[in-house]
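Chain residues, written in single-letter form:
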Amino acid sequence: MSTTTKRGKQQPAKGANKKEGFTAEEKAAMRERARELKDKTDGETAVRAAIAKMSPKDRAIAKRLHELVKATAPGLTPKTWYGMPAYAKDGKVVCFFRNAGKFKERYSMLGFNDSAKLDDGSMWPIAFAVTKLTAADEAKIRALVKKAVG
């Protein structure tokens, strides 16, 4: 919607002529999700394969995060979710790792879905940028995962 007019005609908003839709990366993630729903590969194998496809920096973070989640919450089931390593409880994804290369972002992300029990008042964080994992970061992640599974 535009506020400018030219000869009495309303002009389109800046950028409105650009095609809108899904990016190639988003379309690939949707195809991965469709494959996941059909695939019968066990979750651990699928997560390891997803991690193996990542850049070396993202792969190092993902491997360590995978170890942390498994050790902290052995009741969570590893699986892939839109091609990302994820961890589920009763079939619902609790947390996931999105590598920086997934959508050409500048950092990786540890995210939590609504099934995670992180509620804290009327507002709380559900995603965390991850550029590297320090000992302090690992302690925070353990606490978050433990709280998320209840």
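What comes next concerns the included structure.

Reading the values: rules and limits
- Residues numbered from 1 in each chain as written.
- Predicted model: local features only at pLDDT ≥ 70, side-chain atom pairs only at ≥ 80, totals over all residues.
- Heavy atoms only, no water.
- Helix = DSSP H or I, 4+ residues; strand = E, 2+ residues; numbered from the N terminus.
- Buried < 20%, exposed > 50% of the residue type's maximum accessible area, 1.4 Å probe, protein only.
- Contact = heavy atoms within 4.5 Å.
- Areas by Shrake-Rupley, 256 points an atom, 1.4 Å probe, with all protein chains shown as cover.
- Salt bridge = Lys/Arg side-chain N within 4 Å of Asp/Glu carboxyl O.
- Patch = residues over 30% accessible without salt bridge, like charges linked within 9 Å, V, L, I, M, F, W, Y side chains within 5 Å.
- Lys, Arg positive; Asp, Glu negative; His and termini not counted.
- Charge placed at Lys NZ, Arg CZ, Asp CG, Glu CD.

**Some remarks on the overall build of the protein chain**
Per the secondary structure count, the protein chain includes four helices and seven strands. Each of the 150 residues in the protein chain was classed as buried or not, and the buried ones make up 36%. Pairs at least 24 apart in sequence give 47% of the contacts found in the protein chain among residues at least 6 apart. With the model as given, the accessible surface of the protein chain reaches about 10,100 Å², and the carbon-plus-sulfur share is 54%.

**Describing the pattern of salt bridges**
All told, the structure shown has eight salt bridges when counted by the stated rule. Glu44 serves as the salt-bridge partner of Arg48, at 2.8 Å between the closest nitrogen and oxygen. Of the two residues, Arg48 and Glu44 both sit in helix 2 (residues 43-52), four residues apart, roughly one turn of that helix. Each member of the salt-bridge network shares a partner with another, and the members are Arg64, Glu67, Glu138 and Arg142.

**A short note on unusual backbone geometry**
One non-glycine residue, Tyr82, lies in positive phi territory at about 55°. In this model, Asp90 sits at a positive phi of 55°, which is unusual for a non-glycine residue. Here Asp90 is to be found in the loop between strand 4 (84-89) and strand 5 (92-98).

**As for a positive patch on the surface**
On the surface, a cluster of positive charge is contributed by Lys27, Arg31, Arg35 and Lys53. Looking at the secondary structure, you find Arg35 in helix 1 (residues 24-38).

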